Each structure stands twice: as C-alpha cells, then as structure tokens.
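# Coordinate inspection notes
Letter by letter, the chains look like this.
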Amino acid sequence: MILYRTTDGLFVEQDGRFYPVFAESLDALVVLDDLQGFLSSVVDKGDVVPHFDIHKLLAPIGSQEVWASGVTYYRSRSARMEESKAAGGGDFYDRVYSAERPELFFKAVAHKVVGPNGKVRIRRDATWSVPEPELTLLVNPSAQIIGYTIGNDMSSRDIEGLNPLYLPQAKVYDQSCSLGPGILIRNEPLPSSTRIRLDILRSEASGFSATITLEELKRSLATLVEYLFRDQSFPWGCFLLTGTGIVPPDSFTLQKADEIRITIDKIGTLVNSVA
Ligand code: DO4
Ligand code: MG
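The structure reproduced in this document is the subject of the present report. Everything quoted here is computed from the prediction, not taken from an experiment.

Reading the values: the criteria
Residues numbered from 1 in each chain as written. Chains lettered and ligands numbered in written order. Predicted model: local features only at pLDDT ≥ 70, side-chain atom pairs only at ≥ 80, totals over all residues. Heavy atoms only, no water. Donors = N, O, S within 2.8 Å, 3.2 Å for Na, K, Ca; no water. Helix = DSSP H or I, 4+ residues; strand = E, 2+ residues; numbered from the N terminus. Buried < 20%, exposed > 50% of the residue type's maximum accessible area, 1.4 Å probe, protein only. 1 Å grid on protein atoms, 1.4 Å probe; cavity = no way out; pocket = protein on both sides within 12 Å on 5 of 7 lines; lining within 4 Å. Points joined across faces, edges and corners; volume = space filled by probe spheres on them. Nonpolar A, V, L, I, M, F, W, Y, C, P; charged D, E, K, R; others polar. Axes fitted to C-alpha atoms, helices over the stretch in contact; angles between N-to-C directions. Parallel < 35°, antiparallel > 145°, perpendicular 65-115°, else oblique. Left-handed = near helix turned anticlockwise from the far one by under 90°. Contact = heavy atoms within 4.5 Å. Near = heavy atom within 4 Å. Polar contact = N/O pair within 3.5 Å; in protein donor to acceptor, adjacent residues only side chain to side chain. Areas by Shrake-Rupley, 256 points an atom, 1.4 Å probe, with all protein chains shown as cover. Sits in = over half its atoms within 2 Å of the grid points.

### Some thoughts on the coordination of the magnesium ion (ligand 2)
- Bound to the magnesium ion (ligand 2) on the protein side are Glu132 (OE), Glu134 (OE) and Asp153 (OD), at distances that span 2.0 to 2.1 Å.
- Sequence spacing of the donor residues for the magnesium ion (ligand 2), all on one chain, is E-x1-E-x18-D. With a gap of 21 residues between them, Glu132 in the loop between strand 9 (129-130) and strand 10 (133-139) and Asp153 in strand 11 (residues 145-153) connect regions that are remote in the sequence. Comparing Glu132 with Asp153 shows no difference in burial state: the two are buried.

Laid out in structure tokens, this is it:
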C-alpha cells in the first residue's frame, strides 16, 4: 500500500486503486500503533475514488524531522575520499565507513523539502553539485520502521570537499531535499535485491544514469535507526535517508533545468527538476 499526500488530502493506493484516508494529517497517522492495519481497513471499506490527480501530489511529510546517514556505501566513501583529499579530509570517510558508529546528520524540516515534480536547488555559492538518490525510512515515535519513500539528498561537493566540517552548509539549504512520490507502508523489510536507479536527463543528452541494489548497503537499517534514536526522541516520528550508493563521475555537475528521476522498486519514481 502506498500513502500519498495531496492538496485534496491523504489517499492510500493498492493495486492501482486509490482510497481517501480521513485523518487530520500525516502526523496523526505516523503516531498510530498499527498504521498498516489502519490503512488496510480503509482499503477493505472499498471507497474507491474515480480519479486520482497526480498533479496534486505534495511531499509526504508533516512535522517530522528529516535525518540522513552518510558513507553507508563503498561508492560514497571513495568519492568523498577523493574530493576532500587535497584538504586532508579523505581519511575521515574511510574511518567512518569502517567504524561501528554510523554517520548521521540533520538534513531538513518540511519547509526545506520539495515534493514530486517540484524544483530542487543548487546553492548559489556552489560550483559542483549532485543529487544523492537514497532509500528513505519513515520511522514512528517508537523507533519502528513503518514505511519507505524516496529521498534526494542534494549535495554541494565542492563545499564539503573543502573541509568535512562544512557538511551542514553543503547539505542543508532551502529546497535541498526532495521526498516522494508516496510512502510504501510496510512492516516487513524490503528485499536486498531492491534496486535504486538514478537518471539525470539533460537536453543536450549529456546526462547520467546508474543503478544499485540494497545488497551494497553496508549497514543494517535497524542499526541506523537504533543510533538515531539514542538519547533523542521524535514525537511525530522522523524520516531517515540511508545514504547514497550512486555518485556521478567527478566531471559531472548538475545544471539548471536538469531533470532528476529516482526510481526504487515497489515505491515508484520521484521526479524533480533543478531550479
Ligand atoms: O559524509 C558525508 C555525507 C555522506 C552522504 O550524504 C551519503 O553518503 O549519502
Ligand atoms: Mg547522502
């Protein structure tokens, strides 16, 4: 079942049919003890809407904080070691890749998040920017993973490469995060064969495409969530991006009007363009 937030309210989709969800907000759903059970009962009632307008989709977020994990794939470790080598920062990425404690950082709250078909931004003071396509967890206040969506952790590689301490500036700015199109609500884990695909389309055909599977994710999702909830509470739950395994070659930087398409099996495709 996929939960969507739209300008007309919340809807759940199963087998291509859409059902209205009469809840006050996404927050009210995330705090339920059994969201999957609740949405199944909505579907069972059979109140199908005749037409679902995808142009009305909003980012599937309410009062949740958005956090992100870093260097959870070998490709992210290698790319970052290279970009920060000149500044003497390369060693940090290798050390965090092998350490027991994962890298976790604050990414966004709702007003910095862009929804499906919205525009993500390149920082005005950045010269080298990339999207980071990441499986994103919806975690309830009791630290249970209750859903999965697609996240784009927009990043300014030149700023992070100057000094790892600049990471919050490289990663956190208006429209630096995108989520959607909906949330796959599911209590069971996703199979490790789940594919994440990134396509960057550019009119002059010099875009980029790559695919990776969750098999290459170094850490378990449960461990990432356990560290995030250590000494920290989330009354409305939270989103956790799980890191990128796809980094375009060093010669690539995003440009205005590029279209970014991120597809994850069973969840869908998140499409954004660059403002
Ligand atoms: O260490 C910097 C951030 C890493 C990150 O965002 C990622 O690996 O996805
Ligand atoms: Mg990332």
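The discussion continues.
### A word on the layout of surface pockets
- Quantified by volume, the largest pocket comes out at close to 190 Å³.
- Around the largest pocket sit Val71, Phe92, Tyr93, Arg95, Val96, Glu103, Pro164, Leu165 and Leu167, which together line it.
- It is helix 4 (residues 90-98) that contributes the most residues to the lining of the largest pocket, 4 residues altogether.
- In the lining of the largest pocket, the residues fall into 7 nonpolar, no polar and 2 charged.

### Some words on the packing of helix 3 (residues 74-83) against helix 4
- Direction vectors running N to C along helix 3 and helix 4 enclose 165 degrees, while the axes themselves pass 8 Å from each other. Between helix 3 and helix 4, the interaxial angle falls into the category roughly antiparallel. Helix-helix and strand crossings are classified by hand; for helix 3 and helix 4 the assignment is left-handed. Touching Tyr74, Arg77, Arg80 and Met81 of helix 3 are Gly90, Tyr93, Asp94 and Tyr97, all from helix 4.
- Among the residues forming the contact of helix 3 with helix 4, the class breakdown is 4 nonpolar, 1 polar and 3 charged.

### Regarding the site of ligand 1
- In the vicinity of ligand 1 there are 16 residues, among which Val71, Ser76, Glu103, Lys171 and Thr244 approach most closely.
- For ligand 1, an oxygen atom lies 3.4 Å from a polar atom in the side chain of Arg80.
- Here an oxygen atom of ligand 1 and a side-chain polar atom of Lys171 are 2.7 Å apart.
- Expressed as a share of its isolated accessible area of 280 Å², the protein-covered part of ligand 1 is 99%.
- Spatially, ligand 1 is embedded in the largest cavity.
- Of all the secondary-structure elements, those providing two or more residues to the shell around ligand 1 are strand 5 (65-70), helix 3, strand 6 (103-108) and helix 6 (167-171).
- Tallied by class, residues from the shell around ligand 1 come to 4 nonpolar, 5 polar and 7 charged.

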